[in-house]
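# Coordinate analysis (summary)
Chain residues, written in single-letter form:
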Amino acid sequence: NGRSLVSAENLLKTHTARINVEPHAFYGLGWRISYERPCHVISHGGMMQGVKTQFAFAPELKTGIIVLSNLTDNDMPLAVTRYFLDEVMGLPFKDYSALLYQDFLSKPKPVLPLVNNKLSVSFDCYVGEYLSPVLGQLLIMREKDLLVFTMGPQQATGELHPTQPDMFNVVF
């Protein structure tokens, strides 16, 4: 019916910078308020098992973006959001995917313990070439008692560690 659930006055309170978290960024009431671009940006990201999201808007430009991903351990929503904001603000291209990927590679990766060391089939059944419209080519190979892979146009490599029957932890 067009009625607001939150008054403009109360919404403004949530978008007010309260705690300085970075040189040009603050935390409001549930929002990150950033002044590092030509226009200030209000954003919030979220994550739970299997889902990662990013929401951002630039009030002065009356525009925003919401990115939803069904992959947890990736920064694609943040990269897409930054690409979008740079584009609408007329900023030069910056390869956020490469920057965030390098940041990802530099962080230690947890290795989950094997819950049930019995696979329903042999490792050899997983070996082969797969094609994904999102990830591109995925090549899985066996090296002794380990499954390894190469994936995508950048030929990212990693290992597949079984955690339970037919489920693997991916380690880059």
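Note that this is a predicted model, so its numbers are computed, not measured.

## Focus on helix α2 (residues 76-88)
For α2, built from 13 residues, the straight-helix expectation of 18 Å at 1.5 Å per residue is met to within 8% by its first-to-last C-alpha distance of 18 Å. Those residues of α2 not exposed but buried are P77, A79, T81, L85 and D86. Buried residues along α2 sit against β4 (41-48), β5 (51-58), β6 (63-69) and α3 (96-106). At the exit of α2 stands G90, carrying a positive phi of roughly 70°.

## Focus on the nonpolar core
Core analysis: the largest hydrophobic core is formed by eight residues, namely C39, V41, A56, A58, I65, V67, L85 and M89. Secondary-structure elements contributing two or more residues to this core are β5 and β6. A56 has contacts with V41, I42, S43, G64, I65, T81 and L85, leaving out every residue within four places of it along the chain. Counting residues in hydrophobic clusters, the runner-up holds seven residues, among them F123, I140, F149 and L160.

## Comments concerning a nonpolar patch on the surface
A cluster of nonpolar side chains, Y101, L105, V170 and F172, forms an exposed patch at the surface whose accessible area comes to about 300 Å². Summarising the element assignment, F172 is placed in the segment after β11 (167-171). Overall, the relative accessible area of 32% leaves F172 in the partly exposed class.

## Observations regarding the pattern of salt bridges
Considering all chains together, one arrives at six salt bridges under this definition. Between D75 and K52 there is a salt bridge, with its nearest N and O atoms 3.0 Å apart. Pair noted here: D75 is in the loop between β6 and α2 and K52 is in strand β5, with a separation of 23 residues, a long-range link. The partner of D145 in a salt bridge is R142, and the shortest N-O contact between them spans 3.7 Å. What makes D145 exposed here is its relative accessible area of 66%. Residue classification places R142 among the partly exposed residues on the basis of a relative accessible area of 34%. A single salt-bridge network, built from bridges that share partners, covers E22, R32 and E36.

## Notes on the pairing of strand β8 (residues 136-143)
Where strand β7 (residues 128-132) meets β8, five bridges bridge the pair, whose relative direction is antiparallel. Across the sheet, L131 pairs through a bridge with Q137, a residue of β8. Two strands pair when backbone bridges link them, and β8 and strand β9 (residues 146-151) are joined in this way by six bridges, in the antiparallel orientation. Paired with E143 across the bridge in β9 is L146. Connecting β8 to the antiparallel partner β9 that follows it, the hairpin turn spans two residues, and K144 within it adopts a positive phi of roughly 60°.

Thresholds applied
Residues numbered from 1 in each chain as written. Predicted model: local features only at pLDDT ≥ 70, side-chain atom pairs only at ≥ 80, totals over all residues. Heavy atoms only, no water. Helix = DSSP H or I, 4+ residues; strand = E, 2+ residues; numbered from the N terminus. Expected span 1.5 Å × (residues − 1). Buried < 20%, exposed > 50% of the residue type's maximum accessible area, 1.4 Å probe, protein only. Contact = heavy atoms within 4.5 Å. Core = buried A, V, L, I, M, F, W, Y, C linked by side-chain atoms within 4.5 Å. Patch = residues over 30% accessible without salt bridge, like charges linked within 9 Å, V, L, I, M, F, W, Y side chains within 5 Å. Areas by Shrake-Rupley, 256 points an atom, 1.4 Å probe, with all protein chains shown as cover. Salt bridge = Lys/Arg side-chain N within 4 Å of Asp/Glu carboxyl O. Pairing = 2+ DSSP bridges.

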